[in-house]
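# Chains, contacts and geometry: an overview
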Amino acid sequence: MSTPTESPHSAAPADAQAPPRGEPVSGRADAVAGKPPGMAATVAALLRKELLVEPRTLESVPGMSLFALTTFVVFHFALNRNSVDGDLAAGILWVTLLFAAILGVNRLFVADADQGGFDGFLLAPVDRGAMLVAKALALLAYLVVLELVAVPAFALLLLGPSLPNALPSLFGVLALGDVGVAAIGTLVAALAVRTRARDLLGPLLALPLLVPIVIGGARATSPLFATHATAPAARWLLTLGLYDLVFGLIAYALFDFLLED
Amino acid sequence: MYGKGLRALSISTVAVMAIALSLVFFYAPLDAEQGFLQKIFYVHVPLAIVALCGFVAGAIMAIAHLRTRDPRWDMRSYVAIHMSLIFGVGTLITGSIWAKGSWGHWWVWSEPTLVSFLIVFLLYATYQPLRFAIEDPERQARYASVFAITAGAFVPMNFIAVRLSTAYLHPRVLGSTSNLPGPMALTFAVSLLGIALLYTTLCRYELTAKHTRAQLRDLRRRLSGETVDTQTRRPRSAAPTLHPTATHPTAMHPTATMTARAVGRPGA
Amino acid sequence: MAALELEGLARHYGEREALSDVSLSLGAGQTLVVFGGNGAGKTTLLRILATLLRPHAGSARVLGSRLPDEAWAVRGRIGLLGHEPLLYRELTARENLRFHARLHGVAEERVEQLLEIVAMTGRVNEPLRTLSRGMVQRVAVARAVLHDPELLLLDEPRANLDPAAIELVDPLIGATSGHTRVISSHDPSGGLAEADLVLGLRAGRPALLRAAGDVDPAEITELYR
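Summarised in this report is the structure supplied together with it. (Residues numbered from 1 in each chain as written. Chains lettered and ligands numbered in written order. Predicted model: local features only at pLDDT ≥ 70, side-chain atom pairs only at ≥ 80, totals over all residues.)

## A short note on the overall build of chain A
Put simply, the rule reads: Helix numbering and strand numbering both begin at the N terminus, where a helix is a DSSP run of H or I of at least 4 residues and a strand a DSSP run of E of at least 2. To sort residues by burial, count the other C-beta atoms lying within 10 Å of each one's C-beta; a count of 20 or more means buried, 12 or fewer means exposed, and anything in between means partly exposed. C-beta atoms are built from the backbone. Contact definition: two residues whose C-beta atoms, as placed from backbone geometry, lie within 7 Å.
For chain A, the count of helices and strands is 11 helices and 0 strands. Start at the N end of chain A and walk to the C end: the helices and strands fall as α-α-α-α-α-α-α-α-α-α-α. In chain A, which comprises 261 residues, the share counted as buried stands at 48%. The long-range fraction of contacts in chain A, counting pairs at least 24 apart against all pairs at least 6 apart in sequence, stands at 82%.

The structure is reproduced here in structure tokens:
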């Protein structure tokens, strides 16, 4: 990529505020804009922007995590139980994670929609699918952080059986589920953000679509929460994997149509 | 364009349904276990099958819409989904009646078809609110198509997942269509055909009605000599409308020029 | 080759025609100024040329490529400065410009160069939400010309800029920049002064299309009645 040293003003000292009048500042076109970035570079640029903005607004991750913790407390009182195991434990964990994820999904595109981020991206000579990938990766990152907070909290507050042996399998199942949630969550977020009832439509659309994830995830997790933990059944992992594949591809294929004005 | 063949279609629908009903009541044998109530199977399962096919058809039409940007595909997709949703409600109601009769409960979680339909119903019930929440008609159609395709892919996925999760509990009784003895199979086939025809006819009627309404609006506008620029007086709606503006690329009157308003209409 | 060739360009919004029957030709390096009241279609036209909106009828050739089929060829050679700055409020001026630079494959030195030109080097590390509207607009100008586009699309570019800032950005987006420009304006005399070609829109239709020299400012004010 050529540097602007070919432009007439490279010799200007740092304290000069404006170039001499009458001379085009920008130099030749090819001196400035190099090759448009490929897919990976675009995703990297977008992801970098996401991860710069999120810590400054703290709109997603702290809210999701706090919500999960509060929900565990609510479950304690609602179910009137001090500890849960098996199916019940798996169910509580997945429901809580799902609803916390919905919070993150709701916020995912809000900054872009409100601050003209879509237009800025659409003007660039890049593959538009990169925005789906970048946003889904960001959502995935938020979900992982959420789980790093929620799972220990769950083990502490509600879970009866001890967890350490089952942890690797648990995180494996969660990872599979997270990918599906990220794919569908990003698609639904993009769909809902430019409608009138964006905060309502997001959950309404996402929850039914995520039912297979809940089915696969909860069924896979419940043997891990049994008093004598056993491995998850392969069929549930396959269900999750199939879902991830199908909806990952669909989200990627359809996303462009949502970005246009 | 849409009105063609409507009468033939209606007549054949009524005829086939009449035959199906007589077969159901007079020809199909009584089920040994469930007796007369089992006959609801001949309504419940065809409704389910036709509704599912309708949702998938809606998804395919949505793909056509996104590829061609022709709003007529969006209209067809909307009607297909809308009608399937109604047939889906029918599935839930007939299934519920059967469950009450057979098991004593209005709802059973052990029947995967019923459960899957509930989830699918909850999903497609958001289709119209989604459309209603988007004012720009072109964007409304586009977003609706994206939804229709996603939901269409979801339907089989959902069935697989729910089937797997209920597999342990009970053998499928309501929805089983395998191993049907001859007379039952025939009755089932005719019922299925009848319900499929009913679906197609109703969709055709709705499409024709919308199309006609659009033509009427267009004629009225031309007669009163209004310019095309008048603000639409119609309230915001979830249903797509065909608006034959002269500059529309897929105008119903493709020979209309861009600036001149032709008084005579070419045959539609 | 003309920079812009529009033939019967149209776009509707439901039953309303946002833009219809716009035909014109603009040579490279020339300036087209578009006048018209609110809702006349100026922004719609600019957004179509920016490839953000698809035309519903007619044809448009921008920098030789047909829209919308060849829109991908033309992105990256167009700069849009609209009503929205298209910048993230939580990021600093430098972070915003670097982000756009990465999306366009532009070197980082160019970001620094532009920050100097628009005199934003002082507050370059503060989030945009702490800056005044005028400063944000300056950064927005920098964003629009970051990748040195051949065609500039400017929607009331001097709104929110004080006279000093206008002077600063003039070499970037003004007549001396040498780029082909399409400007939407509300200022009859000022707009006329920098135009080569004038388009007046009323309710989406072209009410006036003439070389700037043949147009009287009074005709432009007529458009707003």
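## Things to note about the overall build of chain C
Counting its regular elements, chain C contains 8 helices and 10 strands. Counting only C-alpha atoms, chain C reaches 45 × 40 × 35 Å along its principal axes. Per-residue burial over chain C gives 57% buried out of 225 residues.

## Structural notes on the packing of helix H10 (residues 211-221) of chain A against helix H6 (residues 137-166) of chain B
Quick note on the threshold: Under this scheme, a helix contributes an axis fitted over its contacting stretch, all axes are lines through C-alpha atoms, and angles between N-to-C directions fall in the 0 to 180 degree range. Roughly parallel here means an angle under 35 degrees, roughly antiparallel means over 145, roughly perpendicular means 65 to 115, and every remaining angle is called oblique. When the near helix sits turned anticlockwise from the far one by under a right angle, the crossing is termed left-handed; a clockwise turn instead gives a right-handed crossing.
Where H10(A) meets H6(B), the axes come as close as 9 Å, and the angle between the chain directions of the two elements is 30 degrees. Here H6(B) runs roughly parallel to H10(A), going by the angle between their axes. Remark: the crossing between H10(A) and H6(B) carries left-handed chirality. Where H10(A) abuts H6(B), its residues Val211(A), Pro212(A), Ile215(A), Gly216(A) and Arg219(A) lie against Met157(B), Asn158(B), Ala161(B), Val162(B) and Ser165(B).

## What to know about the pairing of strand S1 (residues 4-13) of chain C
Residues and elements named next belong to chain C. The criterion, for reference: Here, any two strands with at least 2 DSSP bridges between them count as paired.
The pairing of S1 with strand S2 (residues 16-26) spans 7 bridges and is classified as antiparallel. Across the sheet, leucine 9 pairs through a bridge with valine 22, a residue of S2. The hairpin formed by S1 and S2 contains 2 residues between the paired strands, and glycine 14 there has a positive phi angle of roughly 65 degrees. In this structure, S1 lies alongside strand S4 (residues 57-62), joined through 5 bridges in antiparallel fashion. Of the residues in S4, the one forming a bridge with glutamate 5 is arginine 61.

## Details of the environment of Ile78(C)
Secondary-structure assignment places Ile78(C) in strand S6 (residues 78-81). Judged by local crowding, Ile78(C) falls into the buried class, with 24 C-beta atoms found within 10 Å. Separated by 50 residues in the primary sequence, Ile78(C) and Leu128(C) have C-alpha atoms spaced 24 Å apart. The contact partners of Ile78(C), leaving out residues within four places of it in the chain, are Leu123(A), Ala50(C), Pro149(C), Leu151(C) and Leu153(C).

## A closer look at the interface of chain A and chain B
Put simply, the rule is: The classification used treats Ala, Val, Leu, Ile, Met, Phe, Trp, Tyr, Cys and Pro as nonpolar, Asp, Glu, Lys and Arg as charged, and all other residues, Gly among them, as polar.
Taken together, the 23 residues of chain A in the interface contact 23 residues of chain B. Elements with a minimum of two residues in the side of chain A that touches chain B: helix H8 (167-193), helix H9 (198-209), H10 and helix H11 (234-259) of chain A. For the side of chain A that touches chain B, the element with the most residues is H11(A), which contributes 8 residues. Among the residues forming the side of chain A that touches chain B, the class breakdown is 17 nonpolar, 3 polar and 3 charged.

## So, the sheet that holds S2(C)
Residues and elements named next belong to chain C. The strand order S2-S1-S4-S5 describes an open sheet built from 4 strands, whose pairing is antiparallel. The outermost strands of the open sheet, each flanked by one partner alone, are S2 and strand S5 (65-67). Between one strand axis and the next, the sheet turns through 25 degrees on average, direction left out of account. Two elements, S4 and S5, share 3 bridges in a ladder whose sense is antiparallel. Within the sheet, the bridge partner assigned to alanine 60 lies in S5 and is leucine 67. Here helix H1 (residues 42-49) sits on the sheet and contacts S1, S2 and S4; the angle it forms with S2, its principal contact strand, is near 60 degrees.

## Side note on the packing of helix H7 (residues 129-157) of chain A against H8(A)
Residue and element names in this part refer to chain A. Running from N to C, H7 and H8 point in directions that differ by 135 degrees, and their axes come no closer than 9 Å. Here H8 runs oblique to H7, going by the angle between their axes. In this structure, H7 meets H8 at a crossing whose hand is right-handed. For the pair H7 and H8, the contacting residues are Leu132, Lys135, Ala136, Leu139, Leu140, Leu143, Val144 and Glu147 in the first and Leu174, Asp178, Val179, Val181, Ala182, Ala183, Gly185 and Thr186 in the second. Considered class by class, the residues forming the contact of H7 with H8 number 11 nonpolar, 2 polar and 3 charged.

## Things to note about unusual backbone geometry
Leu67(C) connects to Pro68(C) through a cis peptide bond whose omega is 0 degrees. Relative to the helices and strands, Pro68(C) is located in the loop between S5 and helix H2 (71-74). Look at Asn80(A): it is not a glycine, yet its phi comes out positive at around 60 degrees. Secondary-structure assignment places Asn80(A) in the loop between helix H3 (61-79) and helix H4 (86-107). With a phi close to 60 degrees, Arg69(B) is a non-glycine residue in the positive phi region. The topology assignment puts Arg69(B) in the loop between helix H2 (41-68) and helix H3 (71-103).

## Some thoughts on the interface of chain A and chain C
At the interface, 37 residues of chain A touch 39 residues of chain C. For the side of chain A that touches chain C, the element with the highest residue contribution is helix H2 (residues 39-57) of chain A, accounting for 7 residues. A per-class count over the side of chain A that touches chain C returns 21 nonpolar, 11 polar and 5 charged.

## Focus: the sheet that holds strand S3 (residues 31-36) of chain C
Residue and element names in this part refer to chain C. Strands sit in the order S6-S7-S8-S3-S9-S10 across an open sheet of 6 strands; the sheet is mixed. Looking at the sheet topology across the chains shown, the edges are occupied by S6 and strand S10 (205-211). Within this sheet the neighbouring strands show an average axis-to-axis angle of 15 degrees, counted without direction. Pairing of S3 with strand S9 (residues 197-202) involves 5 bridges; the strand directions are parallel. When the bridges of S9 are listed, valine 34 appears paired with leucine 199.

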